[in-house]
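# Commentary on secondary and tertiary structure
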Amino acid sequence: DPTNTVEVEIQYTPVDLVIIDLDPTSIGQALKSALENVYDGGIEIASSIDEYNLDGMSAVFVLLGIYSNNTMIMPGQETPLIDYINSGGNLYMEGSDMWYFDPQFMDAYDFGPHFGIVSDADGSGDLSQVVGYNFLEGLNWSYSGENNWIDHIEPTGNAMSIFRNDQIGYGCGVANDAGNYKTVGTSFEITGLGGNSSL
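My aim in this report is to walk through the structure given alongside it, one point at a time. (Residues numbered from 1 in each chain as written. Predicted model: local features only at pLDDT ≥ 70, side-chain atom pairs only at ≥ 80, totals over all residues. Heavy atoms only, no water.)

## Quick look at the sheet that holds strand β2 (residues 42-46)
Spatial ordering of the open sheet is given by β2-β1-β3-β6-β13-β12-β11-β8-β9-β14, a layout of 10 strands whose pairing is mixed. The open sheet has two free edges, formed respectively by β2 and β14 (193-194), since each of these has just one partner strand. Both strand β8 (residues 129-132) and strand β9 (residues 140-143) contribute to a ladder of three bridges, which runs antiparallel. In the strand pairing of β9, V131 is matched with N140. On the sheet, helix α1 (residues 28-36) packs against β1 (15-21), β2 and β3 (59-63) and is oriented at approximately 175 degrees with respect to β2. Where helix α2 (residues 79-86) meets the sheet, it contacts β1, β3, β6 (90-94) and β13 (182-186), and its direction lies at approximately 140 degrees from that of β6. (Pairing = 2+ DSSP bridges. Helix = DSSP H or I, 4+ residues; strand = E, 2+ residues; numbered from the N terminus. Contact = heavy atoms within 4.5 Å. Axes fitted to C-alpha atoms, helices over the stretch in contact; angles between N-to-C directions.)

So this is what it looks like as structure tokens:
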């Protein structure tokens, strides 16, 4: 007969925010740690687009990396993400080449129309300061993430510029409220932002 007893309490927090970390130099855990400081729901990291059923998620973050350590989403692979936003989701995506170079020259899927983003230039390793615009007005950050070949991105339609490289004069972050879904797209790594402003 046992002489000691142990009481175990199991708590389950449902996953409602997923970080899809496709960045070869993984930053998913750093983003998860930052989000856990401000978000009480369940957060998990996935290593593929279809690892989790995205239906009903509060938000999805997709990290594609910075050239030359980046991943491309090819036509046909985007379906779970497009289905998610079409069902009213909130999607954040970052990647240095995903807005211009990859869809223009590598036949990768073009997410620009869904995010209200147009891009006409493949940047260079020149991002050291990021300035906030619109609802981020008055905030600014130093940037220490990988920073080679940051696509220059600008808003189209009802989208708005929220991050800019004012030293060189191009956009690097766009927010879009499409009515039935919301997106934010950046051409830098959000975990690379530092300095006195908090995001």
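We are not done yet, so read on.
## Some details on α1
Helical periodicity: at 3.6 residues per turn, an α-helix aligns residues three or four positions apart in one direction. Of all the residues in α1, the buried ones are G28, L31, K32 and L35. The arc that holds every buried residue of α1, seen down its axis, measures 100 degrees, which confines them to one face. On its buried face, α1 is in contact with β1, β2 and β3. (Buried < 20%, exposed > 50% of the residue type's maximum accessible area, 1.4 Å probe, protein only. Arc of directions from axis to C-beta.)

## Quick notes on the pattern of salt bridges
Evaluation of the coordinates by the stated rule reveals two salt bridges. Two residues, R164 and E154, come together in a salt bridge whose shortest N-O distance is 2.9 Å. Taken as a pair, R164 in strand β11 (residues 160-165) and E154 in strand β10 (residues 152-155) lie far apart in primary sequence, 10 residues in all. Judged by relative accessible area, R164 falls into the buried class, the value being 16%. The partner of D166 in a salt bridge is R164, and the shortest N-O contact between them spans 3.9 Å. Overlapping salt bridges bring together E154, R164 and D166 as one network. (Salt bridge = Lys/Arg side-chain N within 4 Å of Asp/Glu carboxyl O.)

Keep in mind these numbers describe shape, not what the thing actually does.
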